[in-house]
Every structure is written in structure tokens, then in C-alpha cells.
Amino acid sequence: MAAALALTLAATISITGQTQSPAQPATAKAGPASAAAGKADKSATAGKAYKAPRTPDGQPDLQGFWTNSTYVPLERPNNVTKELYTPEEAEAAIKAAAAREAAQTEPGTTADVHYDFSQFGLDRSQSTFARNLRTSLIVDPPDGRIPPLNAQGQKRAQERAAARKAMGGQYDAVENMPVGSRCIIMGGAGPPLMNAGYNANYHIVQSPGYVMILTEMIHDVRVIPLDNAREGARPQPPSQVRQWIGLSRGRWEGETLVVETTNFNGKNPFRGASENLKVTERFTRTADDTIQYRFTVEDPTTWDRPWTADAPLVKTEGPIFEFACHETNYGIANILAGARADEKRAAEQKKGSN
Amino acid sequence: MMRNRFLIGTTIAALSGWLLAAIATVIAQAPSYRAPRTPDGRPNLNGIWQTMNTANWNIEPHPAGPSPVRELGAAGAVPAGLGVVEGGEIPYLPEARKKQQENYANRLKLDPEIKCYLPGVPRATYQGFPFQIIQSTKHIMIVHEFAGAVRTIYMADQTEAPADSWMGWSNGRWEGETLVVDTKGFNDLSWFDRAGNFHSDALHVVERFTPRSAETLTYEVTIEDPKVFSRPWKMSMPIYRRVERNARILEFRCVEFVEDLLYGHLRKQPAK
């Protein structure tokens, strides 16, 4: 178990997957995921033969503790033109990325160092992470990049930027600060599930008619009701009901859990999307320790075409401990109080110099 | 004659008292109802549930009272309640009762619910929001609408609490028709209700969920905390199923609703 402090200094303790000595430097050889990661690679090509174990009610069993932690970026780096690295290149890319995380933690290398990521086991390399030869998580479009914003998307981006500017400085008021620092929601919750940089852990539990996904970050829970033969397709939730994580419904297509999510409130826009975002996720267990996770995002008011990414989940160790974030979010109060103190001091200096 | 009347009167009184006690017992322990089974053979507690009482205002018996917030008028006023504590009164140690009264007097400043903090156990159960039980073989999850509070009940791989937390560390077991959940590892920050009833970090909660009909559960809770109470004590209440076909746990992500309350005083003031 490793005690950890979130960026906001909210108290959080992660006991998932922290299987190596916390003192191990981030540049050390990758963690215990190597075996799992090998499977993840294989599953992309040879996973067809695998049939997942079944829950007592006959669903393919996705249950357990999983992580989508990875060094593979969502978008293909600008200087890379191919879809897959060689194993040697992939290893080098991981080492380079791990070194960048470690560099943050060297005193004096970064102006705003908060604490040592590697000391608290928060750098990715100390926990299980999904290995992959892919140069980007995005598989479609084929260039591995998010499609350009269309005219509506660009207009919205400009309006959002203007609205942010009109609110004043980032430390003027709590509403101006990032939603993660405010402990409202963090990136990993999705949908889609995006690796959160640290604590990228999930707990999946299934009951007849439901799949639940618990995200470690801020104990975010999504309960996905499943369509079934007896009751048929779930009615579309009313459009007035909009949520930070949208409203999801799911169904089994053979071995694959397909989850569609709409009804987003647009307050935590995913890559510039609007509240019209639709996310379709496909979970397929391709090995005992791997779930192939593919998501497609569509929002015709933002992009002229849908785009799709593969971000496999690999098995990790539980349990997941309570991530109470807001309850001890001293960071917000201290940051705002610090900004007010700075203003007061500046005003007094101005007065003194007059 | 007079003497007979007196006797009859006391007999009736005694009988009605006995009857009331008997009725109470019947409600608490529904006759031998046998719940439908999950595919792995356990009593099936899956579903969306909610309590229907005033325990979140005060778990002890209480009369109706005015709203603690003047502007809310009757909409924020306190409904009366018969209480959910067996025996009526919580057996506080004398100093602890004083602290509860201070908590009550300062409840607008101190009640963690007002700040959107995780509600703790058992308060989450009777806070008034729906919650969903997702029952699997190794883990039973309880997902609460309020603040997205979530509990993992370990039915396998059970361990001691690794550290203190708001919702505690729960290990469960089946006793016939009843799911018994043993929870320890609490911090001392949550309350039992809006009346300032509280506990310490020595809190030990044992909950018993027993199906009493297709749409109701009996919920019994034993509270033990030698730093605050002179003896263990019990609460009990029914829990009702949300039977609407489209029932689901919605988002009550309340942090943004309380930010101005908590941090508004740190807002940048317009230049004078």
C-alpha cells in the first residue's frame, strides 16, 4: 500500500497494483505488467479462440480489478508515421516516457514540483500497465489523430475560450479552477475510460441485468443497465436528464459488452465535444488478464467523422481503497487564500510606494 | 366494583402494551419469507432501494420543528418522527451527549451532509436517496446516489481495514436469509443524522439486511463505540424497493452545489 497525495493535496490512498518498492526510480525496468502486456499484444491478433468464463447468470465474466494505465499516447506523435513500433522501439518509447515522468521529480528541473512522483509510486512504471506496440491509442482515422474540429466545433472552442477569459484568472474563484482539482470528476471516469496518469484502476462487478464500473479516482461509479430478452431495449432516457458521465445503457453482442452513452451535460467536454457527444464502448475479454476496450466517439457538432481508439484493460491487483477527494480538499482553499494574500500584499506595496 | 374496573383497566393497558410489542416484533422480524435466489443460490438483494422515514433528520424520536434555514420556511421544516433507535434513546456517555447537543446547535456549520461529504454508515442507507445493490459472488456493491458514495462488501478475500475511511471497510457473510455486513475502519468525521448524533473512530457497525417480502427488506443495525456510548445499541427500519421500471441511480454530484458555501469567502473581490 502506498500513501499518495493528489495534485490538489486531497487525501487518497491507493493500494491497487503498487506491488514494487515505492523507492524504485521511475526509470527502472517496467513493472509486473510485462506478462500481461505480452498477452495484450497477442490478443489483438490471436484473441479469437479465447472464450471468457461466465458469471452465474451466464454473462461473459469481466469482473475483477483492471487498469488502463499505459505509455501509449491517445494521438500518434507528430514525428511518427507508422501504426506499430517494433518491440525495441516500443521499449524505447516507454523508457523515454518514464524518464520524462521521473524528470519532473528531480529537484530544480521543473519550476512547480509538488512532490516526487516516483517516491509515492504515482509514476506509471511502478504499477501494472498495458503494453502495446501501437504508436497511438487511436486506430481510426488511420493517421492516429483526432479529426480536426469542424466549423461548429471551432466556433464552440472559441466561445468556450472567451467565456473562460471573461471569468477572470484561474485563482479568482473556485469555479475557474479545473474540475479535477475541485474533486468533481477526473479524466479516468469517462466514458470513455481514459488512463488517468496514476490510480488508473477500475473494479468491474456484474449482477443479472447490470454491469458496474468503479473508477478509483474520486470513487466514480457507473451503473450500466443491460437490455435483455425479457424486457427488451431500455427506453432512451429523457433529454432533460443530463449528467457529467452521461447516461449509459448496455447489451451483450456475443462475447462483447456494448455500452452506449448519451445525455452528457457538456461541463467536462471530452476533447472539445459538446453535450451531443455519443460514446460507444466495446468490452471483450480476450484473455484471463486482458479486456480489449475499444471506444468510438461521435459528435457531428464537433467532428465531421467518428473516431475510434483501442485502450486495453489489463488485470491488476485489488482491492481499491476509498478515494475521498473533496472531503479533504485543502488544496483549493489554500490556493485561493494564497491568491488573495498575494493581492493584498501587492495592494499594500502599491500603497507604500505612493 | 372500582377495584374490578381498575383491574380491567390495567389488564387492558398491559395487554395493549403487549400487543404493541408483539406488533413491533412482527414488523421487525417478518414471518419466514424466503427470498428468490440469485443464480449462485443466495437470497437475491439486487435492486434499487430507498428508506421512507425521518431518520436522517434525527434517529431519535422527535417532534416536528422549524427549518434551520429561515428562507426555506415550511419546505425546509423538520417532519416529526417516532425514531429508529430501539428503546428510543441513544445510550450516550454523559460527555458525548453534551457534544451531540453542541453539534445540533452548530449543525449548519458542522453537518458533513451540508458540505457534500461522504455520508458514512449507516447514514447513507437512510439519508433519503436511492441506492442500488449489485450482488455478485465475491463482492456486493452498494452504490448510493448521494455524492456517488459507494461501498464494497467483501464476501471473499476478506481483510482488516487498511486505513480509516468515511464509508468504512465492510466484510459480509450470509446467515440464512440475512446478509450480515461487519464494518470497521471508520474515521470520526461522519454523523448519524442532521441532529448531530455522532461516533468516534472506534465505531463498529453490524448491519443485517433480511428480505421480508418481494419489495421490502428489514434493516437492522448494531452500533458499538465504547468511546461514545455506554453500551451497544440498535436501529431498525424497513427498506423499500423502487419498483418503477425505469428506476435508476442518477447523478447527485453535489460538490459543485456547495463550492460557493465552502470557498465563496475566498473569491476575488472587485477592485474598489
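This text follows the structure it describes.
Residues numbered from 1 in each chain as written. Chains lettered and ligands numbered in written order. Predicted model: local features only at pLDDT ≥ 70, side-chain atom pairs only at ≥ 80, totals over all residues. Heavy atoms only, no water.

Asks: When you look at the overall build of chain B in this model, what are you seeing that I'm missing?
Replies: On a plain count of helices and strands, chain B comes out with five helices and nine strands. When contacts within chain B are restricted to residue pairs at least 6 apart in sequence, long-range pairs at least 24 apart make up 57% of them. For chain B, the accessible area works out to roughly 13,700 Å², and carbon and sulfur atoms hold 59% of it. (Helix = DSSP H or I, 4+ residues; strand = E, 2+ residues; numbered from the N terminus. Contact = heavy atoms within 4.5 Å. Areas by Shrake-Rupley, 256 points an atom, 1.4 Å probe, with all protein chains shown as cover.)

Asks: It is not clear to me how the overall build of chain A should be interpreted in this structure. Could you clarify?
Replies: Tallying secondary structure elements over chain A gives four helices and 13 strands in all. Taken across its 354 residues, chain A has 53% of its residues classed as buried. For chain A, contacts bridging at least 24 residues in sequence account for 66% of all contacts bridging at least 6. When the accessible surface of chain A is totalled, it reaches about 15,700 Å², and 54% of it is carbon and sulfur. (Buried < 20%, exposed > 50% of the residue type's maximum accessible area, 1.4 Å probe, protein only.)

Asks: Please clarify how helix α3 (residues 151-166) of chain A should be interpreted in this entry.
Replies: Because the α-helix completes a turn every 3.6 residues, residues three or four places apart line up on one side. Along its 16 residues, α3 of chain A runs 23 Å from first to last C-alpha, staying within 8% of the 22 Å computed at 1.5 Å per residue. Where α3 of chain A ends, the next residue or the one after it, Gly168 of chain A, has phi of about 100°, a positive value. (Expected span 1.5 Å × (residues − 1).)

Asks: It is not clear to me how the state of the cysteines should be interpreted in this structure. Could you clarify?
Replies: Simply put, disulfide is the name for a covalent bond between the sulfur atoms of two cysteines. One pass over the full model with this rule turns up two disulfides over all chains. Across the disulfide, Cys183 of chain A is cross-linked to Cys325 of chain A (sulfur-sulfur distance 2.0 Å). Taking the sign of the torsion about the S-S bond as the criterion, the disulfide between Cys183 of chain A and Cys325 of chain A, at about -70°, is left-handed. Of this pair, Cys183 of chain A sits in the loop between α3 and β5 (201-207) while Cys325 of chain A sits in the loop between β13 (313-315) and α4 (330-353), and the two are 142 residues apart along the sequence. Pair check on accessibility: Cys183 of chain A and Cys325 of chain A agree, each one buried. A sulfur-sulfur separation of 2.0 Å characterises the disulfide bridge that pairs Cys116 of chain B with Cys254 of chain B. (Disulfide = S-S within 2.5 Å.)

Asks: Teacher, can you tell me more about unusual backbone geometry here?
Replies: It is generally the case that most residues other than glycine have a negative phi and that most peptide bonds are trans. Omega for the peptide link from Asp140 of chain A to Pro141 of chain A comes to 10°, which places this bond in the cis form. Examined against the element boundaries, Pro141 of chain A turns out to sit in the loop between β4 (138-140) and α3. Omega for the bond connecting Gly190 of chain A with Pro191 of chain A falls within 30 degrees of zero, at -5°, which places this linkage in the cis form. Looking at where Pro191 of chain A falls in the secondary structure, it is placed in the loop between α3 and β5. The backbone phi angle of Asp157 of chain B is positive, close to 50°, even though this residue is not glycine. On the secondary structure map, Asp157 of chain B appears in the loop between β4 (150-154) and β5 (169-175). The exposed category is assigned to Asp157 of chain B, whose relative accessible area is 56%.

Asks: Is there a simple way to explain the nonpolar core in this structure?
Replies: If you look at the biggest cluster of nonpolar residues, it comprises 44 residues, and the most contacted ones within it are Ile59, Phe192, Phe209, Ile223, Trp233 and Met235 of chain B. Contributing elements (two or more residues each) for this core: α4 (123-126), β2 (131-135), β3 (139-144), β6 (178-184), β7 (204-213), β8 (216-224) and β9 (233-241) of chain B. Setting aside chain neighbours within four positions, we find Phe209 of chain B in contact with Leu45, Ile142, Glu177, Thr178, Leu179, Val181, Leu217, Thr218, Tyr219 and Ile239 of chain B. Counting residues in hydrophobic clusters, the runner-up holds 32 residues, among them Trp66, Val259, Val279 and Ile291 of chain A. (Core = buried A, V, L, I, M, F, W, Y, C linked by side-chain atoms within 4.5 Å.)

Asks: What should I look at first to understand the sheet that holds β3 of chain B in this one?
Replies: Strands in a sheet are paired, the pairing made by backbone hydrogen bonds, and the direction either parallel or antiparallel. All names here are of chain B. Spatially, nine strands are ordered β1-β2-β3-β4-β5-β6-β7-β8-β9 in a closed barrel, and the strand pairing comes out mixed. Going across the sheet, the axis of each strand differs from the next one's by a mean of 30°, ignoring polarity. Pairing between β3 and β4: five bridges, direction antiparallel. Across the sheet, the residue bridging to Ile140 is Ile153, located in β4. (Pairing = 2+ DSSP bridges. Axes fitted to C-alpha atoms, helices over the stretch in contact; angles between N-to-C directions.)

Asks: What's the story with the pairing of β3 of chain B in this structure? I'm lost.
Replies: For a regular strand, side chains alternate in direction, first toward one face of the sheet and then toward the other. Residue and element names in this part refer to chain B. When you tally the buried positions in β3, you get six out of six residues, the bulk of the element. Of the two faces of β3, the one holding His139, Met141 and Val143 and the one holding Ile140, Ile142 and His144 are both buried throughout. Inspection of the sheet shows β2 paired to β3 by five bridges, in the antiparallel sense. Counterpart to Gln132 in the pairing with β3 is Val143. With antiparallel pairing between neighbouring strands as the criterion, β2 and β3 make up a hairpin whose turn holds three residues.

Asks: Honestly, the packing of aromatic side chains in this entry has me stumped. Any pointers?
Replies: We describe a pair of aromatic rings using the distance from one ring centre to the other and the angle between the two ring planes. All chains considered together, the criterion is met by 20 aromatic pairs over all chains. For the ring pair Phe209 of chain B and Tyr219 of chain B, a centre distance of 5.0 Å and an interplane angle of 50° mean the geometry is tilted. Note that Phe209 of chain B is positioned in strand β7 and Tyr219 of chain B in strand β8, a separation of 10 residues in sequence. Taken together, the ring pairs connect Phe270, Phe283, Tyr293, Phe295, Trp303 and Trp307 of chain A into an aromatic cluster. (Phe/Tyr/Trp six-rings, centres within 6.5 Å; stacked < 30°, edge-to-face > 60°.)

Asks: What's the story with the side chain of Glu281 of chain A in this structure? I'm lost.
Replies: Residues and elements named next belong to chain A. Mapped onto the elements, Glu281 comes out in strand β10 (residues 278-287). Residue classification places Glu281 among the buried residues on the basis of a relative accessible area of 0%. Engagement of the side chain of Glu281 in a polar contact is seen with the side chain of Tyr293, the distance being 2.5 Å. Contacts of Glu281, omitting those with residues within four sequence positions, involve Pro191, Pro192, Leu193, Arg222, Leu257, Val258, Val259, Thr261, Tyr293, Arg294 and Phe295. (Polar contact = N/O pair within 3.5 Å; in protein donor to acceptor, adjacent residues only side chain to side chain.)

Asks: Would you mind going over the interface of chain B and chain A with me for this structure?
Replies: How big an interface is tends to be stated in terms of the accessible area lost upon association of its parts. Chain B puts 42 residues into the contact, and the matching count from chain A is 54 residues. Counting the surface lost from both chain B and chain A, the interface buries some 4,100 Å², and carbon and sulfur atoms represent 61% of this. Linking chain B to chain A there are four salt bridges. Between Glu259 of chain B and Arg182 of chain A there is a salt bridge; the shortest N-O distance is 2.7 Å. (Buried area = accessible area lost by both parts, 1.4 Å probe. Salt bridge = Lys/Arg side-chain N within 4 Å of Asp/Glu carboxyl O.)

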